[in-house]
Amino acid sequence: MKKMEVAIIGAGICGLYLAWKLSQKGHNVTVFEKKEKIGKKACSGLFSERILEFIPESQKLIQNQITSVLIRFPKKTLTIKFSKRFLVMNHFKLDNLVASLAEDAGAKIILNHNINSFPEGFDKIISCDGPNSVIRRNLGLPNPTYRLAIQGFISKEDSSNLVEAWPQKQGFIWKIPRGEEIEYGIIEKSTKAKELFEEFLKKNNLRMTKLESGIVPQGFLIPSHSSITLCGDAAGLTKPWSGGGVIWGLTGAEILLKNFPDFLKYKNAMKKFFLPKIIFSKITTKIIYFLGDKTSWILPKNYKIESDFLI
């Protein structure tokens, strides 16, 4: 393959992973990051064990392991077991780990550098600049739909192997045991998230520390362009039922690597892989929420799901 000059916009997990792998293939990769430091703070860092397939070195970051979730509907609690364990990690440390791997492979990472237009002098441009992607906007693509995520922590040790979730109208409140602390959070429509979370905390007499928030996109926004493309949150690629985006984003990154440098072939492969999963997941989530709220007796008390892809 011809050695190419590749620009990656955004030093999040997908951008850094692509920089690492493309550098290993011999390409000249430059990552542009608008922040002064690498590392995402507003994220639960709850990843399925597939993360070890993408980044084996992340084994050392595991804080806890999760095997099931209790979904607490008003009249019934469902126990869902995961076919693949979830691993609790610090997302900030994970990003910095992959940044080190990328730099060791030869990638150049430029911090505190805001990109407002397509950078010049590159054969390929990959946008991984998050839910408010500048590159997506400059390509004239629509925005994805957004929800707001808020998280906070309680300084209390908890290494139990299950998480809890309280469904809301367009999302849920969660509790995650992280070993040395407990995390609570909410993902919901942006106009409702703060109010619903505060009500839950007050009702349960919970006081949070280290509150963080961020928007979570949902969509499938990949351009038909031969030299510019999107990956991860910039493409709106998150799980419809949970908002988790790391494994979906890394899966998309692997599809891009497999088809690189043909971005049109990448788009077609992404459509074939993800669109059926997105449609099925949205329908399934709506059905479960409806049954849980209206006729919860229909739902079984226990069942098992694939943690990343329902189909």
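Residues numbered from 1 in each chain as written. Predicted model: local features only at pLDDT ≥ 70, side-chain atom pairs only at ≥ 80, totals over all residues. Heavy atoms only, no water.

1. Structural notes on the overall build of the protein
Here is the rule: Strands are runs of DSSP state E lasting at least 2 residues, helices are runs of H or I lasting at least 4, and numbering of each runs from the N terminus. In this setup the radius of gyration rests on C-alpha atoms only. A globule is expected at 2.2 Å times the number of residues raised to 0.38. Classification of residues uses two cut-offs on accessible area relative to the type maximum, computed with a 1.4 Å probe and protein chains only: under 20% is buried, over 50% is exposed, and between them is partly exposed. When checking whether two residues touch, look at their non-hydrogen atoms; a contact exists if any pair is within 4.5 Å. Only the protein chains shown count as cover for residues, with accessible areas throughout obtained via the Shrake-Rupley method and a probe of 1.4 Å. When charges are counted, neither His nor the chain ends are considered; positive counts come from Lys and Arg and negative counts from Asp and Glu. A single reference atom marks each charge: NZ on Lys, CZ on Arg, CG on Asp, CD on Glu.
In terms of regular secondary structure, the protein is built from seven helices and 14 strands. For the protein, the C-alpha radius of gyration of 20 Å lies close to 19 Å, the compact-globule estimate for 311 residues. Projected onto the principal axes, the alpha-carbon positions of the protein cover approximately 60 × 35 × 35 Å. A total of 311 residues make up the protein; the buried ones form 55% of that total. Of the contacts formed within the protein by residues at least 6 apart in sequence, a portion of 71% connects residues at least 24 apart. When the accessible surface of the protein is totalled, it reaches about 15100 Å², and 52% of it is carbon and sulfur. Side chains of the protein carry 46 positive and 29 negative charges; the gap between the two charge centres is 7 Å.

2. Some details on the sheet that holds strand β6 (residues 108-110)
Put simply, the rule is: Pairs of strands are assigned from DSSP output, requiring at least two bridges between the strands. To obtain an axis, a line is fitted to C-alpha atoms, over the contacting stretch when the element is a helix, and the angle between two such axes runs from 0 to 180 degrees between their N-to-C directions.
Taken in spatial order, the five strands make up an open sheet running β6-β2-β1-β7-β13, and their pairing is parallel. Here the strands that pair on one side only, and so sit at the sheet edges, are β6 and β13 (228-230). Pairwise comparison of adjacent strand axes, ignoring direction, gives a mean angle of 20° for this sheet. On the sheet, helix α7 (residues 263-294) packs against β7 (124-127) and β13 and is oriented at approximately 25° with respect to β13.

3. Comments concerning the packing of aromatic side chains
Worth spelling out the cut-off: Centres within 6.5 Å make a pair out of two Phe, Tyr or Trp rings, where for Trp the six-membered ring is used; the pair is then stacked when the planes are under 30 degrees apart, edge-to-face when over 60, and tilted otherwise. Sitting over a ring, as applied to charges here, requires NZ of Lys or CZ of Arg to be within 6 Å of the ring centre and within 35 degrees of the ring normal.
Across all of its chains, the model carries 14 aromatic pairs by this definition. By way of ring pairs, the aromatic residues W241, W248, F273, F274 and F309 are connected into one cluster. K21 extends its terminal NZ or CZ atom over the ring of W20, reaching a point 3.9 Å from the ring centre. Sitting over the ring of F309, K277 keeps its end group 5.9 Å from the ring centre.

4. A word on a positive patch on the surface
Quick reminder of the rule: Residues with no salt bridge and a relative accessible area higher than 30% make up the patches, which join like charges within 9 Å and nonpolar side chains (Val, Leu, Ile, Met, Phe, Trp, Tyr) within 5 Å. The term salt bridge refers to a side-chain nitrogen of Lys or Arg lying within 4 Å of a carboxyl oxygen of Asp or Glu.
There is a patch of like positive charges on the surface, built from K34, K35, K37 and K41. Inspection of the secondary structure assignment puts K35 in the loop between β2 (28-32) and β3 (46-48). Among the residues examined, K35 registers a relative accessible area of 38% and is labelled partly exposed.

5. Focus on the packing of helix α1 (residues 13-24) against helix α3 (residues 91-105)
Selection rule: In this scheme, roughly parallel covers angles under 35 degrees and roughly antiparallel covers those over 145, while 65 to 115 is roughly perpendicular and the rest are oblique. Crossing handedness: left-handed means the near helix sits turned counterclockwise from the far one by under a right angle, and right-handed means the same turn made clockwise. Residues are grouped as follows: Ala, Val, Leu, Ile, Met, Phe, Trp, Tyr, Cys and Pro are nonpolar; Asp, Glu, Lys and Arg are charged; all remaining types, including Gly, are polar.
One way to put it is that α1 packs onto α3 with a least axis distance of 8 Å and a crossing angle of 20°. With respect to their mutual orientation, α1 and α3 come out roughly parallel. Considering how the two elements wind past one another, α1 and α3 form a crossing that is left-handed. Contacts between α1 and α3 involve I13, L16, Y17, A19, W20, S23 and Q24 from the former and H91, L94, D95, V98, A99, L101, A102 and A105 from the latter. When grouped by side-chain class, the residues that make up the contact of α1 with α3 number eleven nonpolar, three polar and one charged.

6. Brief notes about the environment of K175
Inspection of the secondary structure puts K175 in strand β10 (residues 172-177). A relative accessible area of 18% means that K175 is categorised as buried. Note: C-alpha distance between K175 and I187 (twelve residues apart in sequence) is 12 Å. With near-sequence residues (within four places) excluded, K175 lies in contact with D158, V163, E164, W166, I182, E183 and Y184.

7. Brief notes about the nonpolar core
For the record, the criterion: Side-chain atoms within 4.5 Å are what join buried Ala, Val, Leu, Ile, Met, Phe, Trp, Tyr and Cys residues into a set we call a nonpolar core.
The biggest cluster of nonpolar side chains holds 63 residues, and the ones touching the most others in it are I8, L18, I51, I55, I126 and F274. Counting 21 residues, the second largest nonpolar core, distinct from the first, contains A149, F172, V216 and I305.

8. Remarks on the pairing of β7
Look at any regular strand and the pattern is simple: side chains alternate between the two faces of the sheet. Both faces of β7 are covered, namely the face carrying K124 and I126 and the face carrying I125 and S127. Direction of pairing for strand β1 (residues 5-9) relative to β7: parallel, over a ladder of four bridges. By the bridge assignment, I9 is partnered in β7 with S127.

9. Things to note about the state of the cysteines
Selection criterion: Cysteine sulfurs are considered disulfide-paired once they come within 2.5 Å of each other.
Enumeration according to the criterion identifies zero disulfides in this entry. No disulfide involves C14; its sulfur sits 4.7 Å from that of C231, the nearest cysteine. Under the relative-accessibility criterion, C14 is labelled buried at 8%.

10. Thoughts on the pairing of strand β5 (residues 77-88)
Strand direction decides the pairing type here: β3 and β5, joined by three bridges, are antiparallel. From the neighbouring strand, L46 faces β5, where its bridge partner is V88. In this sheet, β5 lies alongside strand β4 (residues 64-72) in antiparallel orientation, the contact comprising eight bridges. When the sheet's bridge partners are listed, S68 is paired in β5 with K81. Count of turn residues in the β4/β5 antiparallel hairpin: four residues.

11. Section: α1
For clarity, the cut-off: A helix is expected to span 1.5 Å for every residue after the first.
Spanning twelve residues, α1 covers 17 Å between terminal C-alpha atoms, matching the ideal 16 Å at 1.5 Å per step. Of all twelve residues making up α1, eleven are buried, and the element is well covered by its neighbours. Among the residues making up α1, those that are buried are I13, C14, G15, L16, Y17, L18, A19, W20, K21, L22 and S23. Remark: G26 follows α1 within two positions and exhibits a positive phi of approximately 100°.

Worth remembering: the numbers are spatial, not functional.
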